Structure formats: structure tokens, C-alpha cells
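# Residue-level structural notes
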Amino acid sequence: MKQLKVFGAIVFIAVTMCWLMSCEKEMEPAKETHQLDLLESDSLRMIKLGKKLENPYEIHAFRKAYQKVLDSMNKGALKTGKAFKVKKKDTSEIKPNYVYIRFDPEDDLQENLLREHRKLIFVDYPFEYEDGERYHKENPIKKGERLSFYASIPIGAKYPKSIPHKILQKMYIPEKDSRYSKGKGSERWTMRGQIDDDTDFMNHVIEQAYMDTDNQDLLPEPLSGEKDGGCETCLLGINLRSKWKPSGNVQIYDDNLGTSTTTRNVFSHYEYYDCPDTRKEFHQEGKKFQCKRAVYRKETYTVAGSYVPINGANILIRDTWTLDRAIADAQGNFTHKTVRGRVRYIIKWDRFEFSIRDNTGHIQAEDKGPKLYKRPWNLKINGGRMKYRGQIFQAAMHFYYHDIGGLTRPPTNGFWKTQIKIAAIEKNQGPSSTKMQLGHGTFGIAPHIKIKAYGEPSERVYGRTIHELAHAAHWRVDPISWDNLVEQGYIYNLGNNNPGPAGASARRLMESWATGVEIFLTNKRYRRLGPKSYNYQRTNLQNRRIDNGGVSKFYTTTFYDMSDSFNQRNEYGNAVPMDRVSGLTWRNMEKSLIGSTRWEECREKNIAISGQSSQIRELFDNW
């Protein structure tokens, strides 16, 4: 927290006091390595940005398509089998079975209530658009407004009716109709222009509805090749008889885990040969001229880093106006429920407890994948915005859902509380920051945490996220003392690097705790996935000099030093702290934060916990 953003006058309100604290780390931003974003480069090709879709399943649109197919049969344009009962067909059988709905929560409590309905899958932009971030860029949230959330749900399904909402459309989705969803074990395809049963008829209606709404590109491609005699249009692409399960695997490149081998073509030499006879200008007076071509050799080399699974990634699939969700396992594998059509794969960077936001901090971050039919999405993320968001997501997943050695987790989603929002800021201007308040609500859409580490090595993005979440967890352990530390350490001195004795004591305590947790949990993660010898930034910051300005003055390694058995002075000399303390547990050190608003108070509590009086005094006195 070398800097503090001060927005005008500081207002203290008894019930809803807000504090802004910011953390600036000791490292300089490093150049981005292996940052080739596979999906961003293809985004314009894969997604029709800005295109407003029409809903083919909207009840009136679908009935219109139904009637068109029925009229074509009656006119003889479509052939029907002997067993098919044309006379029994009319639009009255098309009754709504789903609704397209918008929720408009008025406060954090209502938004949290919406999220607690785990079966309700929603996005924060209308289904008429495929690119949420593009939609919000063109339709920005105004000051004081909140996000709305869009979903499609079966008629009769339970949902939080106390939240303001509006049913935008009633729909008939044949894929969700029990008459077609059961299947009979046959995957017979429908011949175009031929209707032998109700399923053939409905396949034609679906295609007609998609064509009427200019969505034919969203249908599966018609079969071609040997199966239908090479005819590319004889069979319909949609087939209610044929089911498949979207699935796949998602991995991310980590710059600091292991090594990888890669192969590239390297120029070797030129190869000379007689130019072809067709080039007559080179064959004057019977002379032949030489041409040359480059010859390359393959060269394999080793680079730092490797791919690792994104455990817990939230993978959505979108089938026009319906959504489904699957969570990736520890190997990065995911499998969805059965569908019939083509689906768009999406990574939504959130879980129930936290949400990674886009660069503005206001919008849910998500990244689009391809639209596929009967094909898995095997994604390897190796750069750009998607990698940055994935690294932040991994750190948040760790702090909220994985082993943290007995520490308290950051604030959780629940009654009078809301989901923690973490902004993935892509411009590294100023320090990362954390803001907490009573109930940790956000008065709308403002993020609690802002991470500013775009382009830095994986371990540093991970570590910075852990650091900020450690502040949020500190607030949860003792919000009153934490608020006091922020006021003394930052607010009263406007974030000055010379905050006075009381300010320095408070700032050193809160930043040293977050720095210790940053080292501890980052080591825990990398040692689990990689070598046990891994050390955060190679030295666990043990080579940090005592007199190295604001960073060393406030971001000390004191808490990590009390837990380890390594005395850095023996390794790095007198310029680094003397550390003869060892063996304190993180759970006990966390207890020393309760009621502590000064560096010295925390010192005395750790002495009482450990009994290592002289060693702990010596360690704390380094600063």
C-alpha cells in the first residue's frame, strides 16, 4: 500500500463506513512471456460482435414457423409418409414450456438471493447478444444503476419471485419437450422435404424457425459424404433423435511451473537447382540458370513453464436461448448434460463466493469459445487477457476452496453479505487495492479488490491476488481492528510514505501479514503442483534488505519468518533481517491479529503464544 487513492473528502458514516487501501508490491512488472492468446486472435472470426439475435423459440415466432411447415405439407411441397397424421396438426400443440426472464436486483441482498438459487444459470447481458463485454461497452452502466441478469427457466420452476423481474418472452423449446427428449435409441436423420413421423416434422419446424430469425448459421451443419451419398443438403442438420454431451478440458500456461519443450524451424542453408524450363527468360543461348530455395532444420529447445489444469473453472454452454453449467475437475475435465444442437462454449470466471470482473471492474469477466457440434472443447490458454483472468481465478479458488493451512477464508457469500468482486485491471497504473466495509456490500457494482499485474509472471499475478485476499480475510477476522489499521496506516496520512510513528506501525502490521500469507499460500500451491523445493520469487523474499525504502519498511517478511526455520542473515549478510524465530503456526499468528492495531501489540501477542520472547523482539526490532 505505498499509495492511497483519496476521493475528495473522507466521510465517516457510522453504519456504512468505507475504506480504500491499496498495495504496491516490491517487484517491477516483468515482460510477458508465452503470451499468445489463442482465442483473442480469433474472436472476430468466431463471434459476430454486436449482432443482435432474434429468438427462434419465442412462442409466436415458433408457431409461425410451425404453420409454414404445415402449409408446405398441405400444398404438397413436403412429402409425408403413410403413418403420419397431417390432419391432427395445428399450432395449438405449441404451448410455452420455458420463459426468458430478466432479474433486476435492487441491492446486494437481492443479488445474493439470486445467486443462492444454484440451479438458476444466468448472465449479465441479454441473450440477444453473444458478447457480453461488447454489449456493456456499447451500453454502459450509468451511475447509481445496477446490473440486470438474464436467464431461461422451465415454466413452473422455482425462482426468487421477491426480486424484481420481468418475463421478456415465453418460449417453446422442443428439445425440452418430453415427447422429443426421451428418444427411442435411433439416430435416424431427417431427409429434407420428407416427413415420416412427428420428429421429422419438428426437425423441419426448428430449421424453419432458425431461418425466419436469421439464425441458420447456428444450426448444426447438414451431414455430407458417404452417409448420404455425398448430398450436402439432403439431410437436415438438426436432429431431435441425436444427443451428445459437450465436454472438454481446460488448461493454462504457468510461467513458473516446470519446463516445456517446443520445436521451431531454423534456417540451415540454401539448396540450388536448375530453374524450370518454363522460365524461358533464363534459357538464352542454351545457358541454364540456377534457382535456390531455403532449407530449414527442426530445432527443439526447452522453455520455462508448462500447462496446468484450471481446477474449478466454470464452463457454460449456450444453445441460443438456454444455458448449462459444468465445473472442471482437478484434471481440468468437464462434461455437460446432453443436448441436440450446436453449442457455444464459454468460460465464466466466477464461483459462488467470488467473481472476477473485467477491466472496468463492473462487468462479469467471461471469455467465449467456439460454437461446436459433437466436438469437445480442449482449450490451452497461453497468453493475453484470458491468461491474466485465469491466474487471478486460480488464486481466488485456492483461498476460497482449497487447503490454506488453517487460515480464515476471505468474506463469504451469505446473509447480508455478497459475492466478493475482483477486478482484473489491464493497465498497471497505480497499486493493487482492497476495499471492505460493513456487510462487504458494494453499493452496486464497484469491485472490492483491484488487481493490477497484467503481463507479470504467473507466480506474481497469483501472489498479488493472494495478498489482496489476505487483507479481506484480515478484515473478516477482526473488522474493527482492521478498520483502525487502515485509518491510521493510510487515511489520516493520505497514503504518504512517511506516515509518522503511529501510521508506520499500523501499515507495517497489515502489510506484513498480507505479505506473509502471500508467500505461504503461493508456496503451498506451487509445491503441490511442482517441485517441493520451490520458493516464491526464488528466495521467499528472504533477501529483501531492511533499509530498502517503503517496500522493506512496511512489506516485511516478519510473519513468514516466524513460521520458517531459515535465518536469512546467515545467507545474505547483515543488510537483511536477523531471524532466529521458528515454529509458529499460521492459525496462532492469525489469532495475534485480533485486537491488534499496532505493530508492538501484535509482537507481544506472538511472544505470549510462542514463548520465544527474545527472538521475537529481535525479529520485530529489525524494523
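For the structure, see preceding data.
If you're wondering where the values come from, they're calculated on a predicted model, not measured in any experiment.

## Side note on the overall build of the protein chain
- A count of helices and strands for the protein chain gives 16 helices and 18 strands.
- When the 623 residues of the protein chain are sorted by exposure, 54% land in the buried category.
- Contacts spanning at least 24 positions in sequence make up 75% of the contacts within the protein chain whose residues lie at least 6 apart.
- Of the roughly 28,600 Å² of accessible surface on the protein chain, a fraction of 49% belongs to carbon and sulfur atoms.

## Some details on the packing of helix 7 (residues 384-401) against helix 10 (residues 500-529)
- Contact geometry of helix 7 with helix 10 gives a least axis separation of 11 Å together with a crossing angle of 100 degrees. The angle between helix 7 and helix 10 falls in the class roughly perpendicular. Contacts from Q394, H398 and F399 in helix 7 reach V517, L521, K524 and R525 in helix 10.
- In terms of residue class, the contact of helix 7 with helix 10 is made up of three nonpolar, two polar and two charged.

## As for helix 15 (residues 599-610)
- Helix length check: helix 15 (twelve residues) gives 17 Å between terminal C-alpha atoms against 16 Å at 1.5 Å per residue, within 8%.
- Within helix 15 the residues assigned to the buried category are W599, C602, R603, N606 and I607. The buried side chains of helix 15 occupy one side of the element, clustering within an arc of 140 degrees when seen end-on.
- Those residues of helix 15 that are buried lie in contact with helix 10, helix 12 (558-563), helix 14 (586-591) and helix 16 (613-620).

## Regarding the state of the cysteines
- In total, this model carries one disulfide according to the counting rule given.
- Through a disulfide, C275 is tied to C291; the S-S separation comes to 2.0 Å. Between C275 and C291 the sulfur-sulfur dihedral comes to about 110 degrees; the bridge is accordingly right-handed. In this pair, C275 is assigned in the loop between strand 7 (247-274) and strand 8 (290-309) and C291 in strand 8, connecting sequence segments 16 residues apart. Residues C275 and C291 agree in their burial class; the two are buried.

## Side note on the sheet that holds strand 4 (residues 149-154)
- The strand order 4-3-5 describes an open sheet built from three strands, whose pairing is antiparallel. Edge positions in the sheet fall to strand 4 and strand 5 (165-171), since each has one partner strand and no second. The sheet shows a mean angle of 25 degrees between the axes of neighbouring strands, taken without regard to direction.
- One ladder, built from six bridges, connects strand 3 (residues 98-103) with strand 5; its direction is antiparallel. Within the sheet, the bridge partner assigned to R102 lies in strand 5 and is K166.

## Thoughts on the environment of R508
- Tracing the sequence through the fold places R508 in helix 10.
- Those residues in contact with R508 that sit more than four places away from it in its chain are K553, F554, T556, W599 and W623.

## A word on the pattern of salt bridges
- Counted under the stated rule, the structure contains 34 salt bridges.
- Two residues, R241 and D200, come together in a salt bridge whose shortest N-O distance is 2.9 Å. Placement of the pair is R241 in the loop between helix 6 (198-212) and strand 7 and D200 in helix 6, with a sequence separation of 41 residues.
- For E604, the salt bridge identified is with R617, shortest N-O distance 3.0 Å. Of this pair, E604 sits in helix 15 while R617 is found in helix 16, placing the two residues 13 residues apart along the sequence.
- Given the relative accessible area of 32%, R617 is considered partly exposed.
- One network of salt bridges, with partners in common, ties together D108, E111, R115, R146 and K421.

## Notes on the packing of helix 7 against helix 8 (residues 458-477)
- In the contact formed by helix 7 and helix 8, the axes pass within 9 Å of each other and the chain directions differ by 45 degrees. As far as their axial angle goes, helix 8 and helix 7 are oblique. Crossing of helix 7 over helix 8 shows right-handed handedness. Contacts between helix 7 and helix 8 involve K387, Y388, Q391, I392, Q394, A395, A396, H398, F399 and Y400 on the former and, on the latter, S458, V461, Y462, T465, I466, L469, A470 and A473.

## So, the pairing of strand 10 (residues 322-327)
- As paired strands, strand 9 (residues 314-319) and strand 10 are joined by six bridges and run antiparallel to one another. In the sheet register, N314 faces strand 10, and the bridge partner there is I327.
- From the end of strand 9 to the start of strand 10, which pair antiparallel, there are two residues, and T320 there has a positive phi angle of about 55 degrees.

## Here's the deal with the side chain of R464
- Residue position: R464 is located in helix 8.
- Of the polar contacts made by the side chain of R464, one reaches the side chain of E456; its length is 3.2 Å.

## Observations concerning unusual backbone geometry
- Its identity is not glycine, yet D214 carries a phi of approximately 60 degrees, on the positive side.
- Note on placement: D214 falls in the loop between helix 6 and strand 7.

The rules behind each value
- Residues numbered from 1 in each chain as written.
- Predicted model: local features only at pLDDT ≥ 70, side-chain atom pairs only at ≥ 80, totals over all residues.
- Heavy atoms only, no water.
- Helix = DSSP H or I, 4+ residues; strand = E, 2+ residues; numbered from the N terminus.
- Buried < 20%, exposed > 50% of the residue type's maximum accessible area, 1.4 Å probe, protein only.
- Contact = heavy atoms within 4.5 Å.
- Areas by Shrake-Rupley, 256 points an atom, 1.4 Å probe, with all protein chains shown as cover.
- Axes fitted to C-alpha atoms, helices over the stretch in contact; angles between N-to-C directions.
- Parallel < 35°, antiparallel > 145°, perpendicular 65-115°, else oblique.
- Nonpolar A, V, L, I, M, F, W, Y, C, P; charged D, E, K, R; others polar.
- Expected span 1.5 Å × (residues − 1).
- Arc of directions from axis to C-beta.
- Disulfide = S-S within 2.5 Å.
- Pairing = 2+ DSSP bridges.
- Salt bridge = Lys/Arg side-chain N within 4 Å of Asp/Glu carboxyl O.
- Left-handed = near helix turned anticlockwise from the far one by under 90°.
- Polar contact = N/O pair within 3.5 Å; in protein donor to acceptor, adjacent residues only side chain to side chain.

Remember that the coordinates give geometry; whether it matters functionally is a separate question.
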